[in-house]
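# Observations on the three-dimensional arrangement
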Amino acid sequence: MKKIMFILILFLSCFFIYKFTIKEKLYYVSIGDFLAINKDKDANASKYNYTDAIINYLSNNNKLKSYNIDFIKEDYRISDFIRILKYKETITENNRQITLHELLKEADILTISLGMNELYFKLNTNNNNLYTYINSMLKEYSILLEEINRYNYKEVYIFGLYNVNSKNKDIINYFNYKLKKFVENKNYTFININDILNNKKYFEKGSYYLNDVGYNKISQIIVENLKKYWYNIVRI
């Protein structure tokens, strides 16, 4: 009898976990630079990018509660977000002032893409003390992740940097290696887009900006990660 009761309780527990998981809706927050720009956020950003892909995937699968893309800006740097969090800078959402801290506290899924602007600015202007500069960037990223880690999320995806020519290969690999260690130490998911964007067909000519093919490629990768996440939690 006890064995039957145990099996029944176990079955009911799994059933209710499954029902809750399937019906659960998520709040998505995207922060970052040009890589994250949503076409609904910026009229000039016509490319379909990973922010769009996540919003559409969650919405199409009836898993999207809401989303926020107000802390995305083409020229954002890592240091900008340290300042935003430190001084509790606000944006207006639904006629109320809200801080990034408040958004992070509510977020179920968070994506971050930062670092391309400052690194390529350095590469294109002055290569002196390059690794010192990169280590300074990594230190700032570590500080940012400590702030991010104050809150609980279901999933956090952090994008590495990518290379547009072979001469910067070692530099990009060094940055991504270090960043991946920081990210995985927080049990977040690091997405090494440098391994994905390994062909000139993904970039605008003469630029480190992605073209439509590049943005679509990253969108596919992030949706695959989301599918893997949902597959794993339904199996619990």
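Up top is the structure.
Numbering of residues starts from 1 in every chain and runs along the sequence as written. Given that the model is predicted, a residue must reach a pLDDT of at least 70 before its local features are reported, and side-chain atom pairs must reach 80 or more before they are shown or counted; all residues, however, enter totals for whole chains, interfaces and linings. Water and hydrogen atoms were dropped before computing side-chain values, which therefore reflect all heavy atoms in the structure.

### A look at the overall build of the protein chain
The condition is simple: Only DSSP runs of H or I with at least four residues qualify as helices, and only runs of E with at least two residues qualify as strands; both kinds are numbered from the N terminus onward. Partly exposed describes any residue whose relative accessible area lies between the buried limit of under 20% and the exposed limit of over 50%, with all areas from a 1.4 Å probe on protein chains only and scaled to the type maximum. Here, residues are in contact when the closest pair of their heavy atoms is within 4.5 Å. Per-residue and other accessible areas follow the Shrake-Rupley method at a 1.4 Å probe size, with only the shown protein chains counted as cover for residues.
Within the protein chain, the regular secondary structure consists of nine helices and seven strands. Burial analysis of the protein chain (236 residues in total) assigns 47% to the buried set. In the protein chain, the proportion of contacts linking residues at least 24 apart, taken out of those at least 6 apart, comes to 71%. Carbon and sulfur atoms make up 50% of the accessible area of the protein chain, which totals about 13,200 Å².

### Looking at the pattern of salt bridges
Convention followed: Any Lys or Arg side-chain nitrogen located within 4 Å of an Asp or Glu carboxyl oxygen qualifies as a salt bridge.
One pass over the full model with this rule turns up eight salt bridges. The salt bridge involving Glu-24 is made with Lys-154; its shortest N-O contact spans 2.9 Å. Of this pair, Glu-24 sits in the loop between α1 (2-23) and β1 (26-32) while Lys-154 sits in the loop between α6 (130-148) and β6 (155-159); the two residues are 130 residues apart in sequence, bridging distant segments of the chain. For Lys-154, a relative accessible area of 32% puts it in the partly exposed group. Glu-184 is the salt-bridge partner of Lys-180, the closest N and O atoms lying 3.9 Å from each other. Within this pair, Lys-180 and its partner Glu-184 are both found in helix α7 (residues 169-185), separated by four residues, close to a single helical turn. Beyond isolated ion pairs, a larger network of salt bridges with shared partners links Arg-77, Asp-80, Arg-83 and Glu-89.

### A few points about the nonpolar core
The condition is simple: The term nonpolar core refers to a set of buried residues drawn from Ala, Val, Leu, Ile, Met, Phe, Trp, Tyr and Cys, joined through side-chain atoms within 4.5 Å.
Within the largest apolar cluster, 77 residues are counted, with the highest numbers of intra-cluster contacts made by Leu-35, Tyr-141 and Tyr-162. Tyr-141 has contacts with Ile-78, Ile-112, Leu-114, Ile-158, Phe-159, Phe-175 and Leu-179, leaving out every residue within four places of it along the chain.

### A few points about the layout of surface pockets
Short version of the rule: As defined here, a cavity is a set of points on a 1 Å grid over the protein atoms alone where a 1.4 Å probe fits but cannot get out. A pocket is an open set with protein on both sides within 12 Å along at least five of seven lines, and residues line them when an atom is within 4 Å of a point. Grid points are joined across faces, edges and corners, and a volume is the space filled by probe spheres set on the points. Basically, the charged four are Asp, Glu, Lys and Arg, the nonpolar ten are Ala, Val, Leu, Ile, Met, Phe, Trp, Tyr, Cys and Pro, and anything else, Gly included, counts as polar.
The computed volume of the second largest pocket comes to approximately 150 Å³. In this structure, the second largest pocket is lined by Asn-163, Val-164, Asn-165, Ser-166, Asn-194, Leu-197, Asn-198, Asn-199, Lys-200 and Phe-203. Residue composition of the lining of the second largest pocket, grouped by class: three nonpolar, six polar and one charged.

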